[in-house]
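What follows is the residue order along each chain.
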Amino acid sequence: MHTYAHCNLCLNANRNLDIGITCGLTNEKPTFENTCPKIKFNNISKEYTAQILNDIDVLKGTKKSVHFKFYVFIAIGFLVMFGGNSLLNIL
């Protein structure tokens, strides 16, 4: 896992242009596997979480809209195929 994205949300992260991100508790590069057991979230993480949740809601609405339009156009297509054929037979 890329620890940098995880560490960007932590209050203990130290940023240095020469070394990069280091842990403020150990003064070393992060070495954890999945998550840091000592993470303390900063205010940026709260804003980031709120933004992500908002984006998820927007995508859910978009997904519903796409599904609705798909089924409507399928229905219109069947109406044109079968309704148009019977209309031409009447003429």
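The structure this text deals with has already been given above.
Values in this document were obtained by computation on a predicted structure and should not be read as measured data.

When its secondary structure is counted, the protein shows two helices and two strands. Its helices and strands in sequence order give the protein the pattern α-β-β-α, from N to C terminus. Burial statistics for the protein: of 91 residues in total, 16% are counted as buried. Of the contacts formed within the protein by residues at least 6 apart in sequence, a portion of 46% connects residues at least 24 apart. With an accessible surface of roughly 7800 Å², the protein has 64% of that area assigned to carbon and sulfur atoms.

This brings us to the layout of surface pockets. In this structure, the largest pocket spans a volume of roughly 290 Å³. As for the largest pocket, its lining consists of 19 residues, of which Cys23, Thr26, Pro30, Phe32 and Cys36 are closest to the centre. Broken down by secondary-structure element, the contributors of at least two residues to the lining of the largest pocket are α1 (3-7) and β2 (20-23). Here the residues of the lining of the largest pocket sort into ten nonpolar, six polar and three charged.

Below, the discussion takes up the packing of aromatic side chains. Scanning all chains against the criterion turns up two aromatic pairs. Judged by centre distance (5.2 Å) and plane angle (70°), the ring pair of phenylalanine 70 and tyrosine 71 falls under edge-to-face. A residue is classified by how much of its surface remains accessible, and tyrosine 71, at 54% relative accessible area, is exposed. Seen from their ring centres, phenylalanine 78 and phenylalanine 82 are 6.0 Å apart, and the 5° between their planes marks the pair as stacked. Of this pair, phenylalanine 78 and phenylalanine 82 both sit in helix α2 (residues 43-90), four residues apart, roughly one helical turn. Judged by relative accessible area, which is 45%, phenylalanine 78 ranks as partly exposed. Taking relative accessible area as the criterion, phenylalanine 82 reaches 56% and is therefore assigned exposed.

Rules used throughout
- Residues numbered from 1 in each chain as written.
- Predicted model: local features only at pLDDT ≥ 70, side-chain atom pairs only at ≥ 80, totals over all residues.
- Heavy atoms only, no water.
- Helix = DSSP H or I, 4+ residues; strand = E, 2+ residues; numbered from the N terminus.
- Buried < 20%, exposed > 50% of the residue type's maximum accessible area, 1.4 Å probe, protein only.
- Contact = heavy atoms within 4.5 Å.
- Areas by Shrake-Rupley, 256 points an atom, 1.4 Å probe, with all protein chains shown as cover.
- 1 Å grid on protein atoms, 1.4 Å probe; cavity = no way out; pocket = protein on both sides within 12 Å on 5 of 7 lines; lining within 4 Å.
- Points joined across faces, edges and corners; volume = space filled by probe spheres on them.
- Nonpolar A, V, L, I, M, F, W, Y, C, P; charged D, E, K, R; others polar.
- Phe/Tyr/Trp six-rings, centres within 6.5 Å; stacked < 30°, edge-to-face > 60°.

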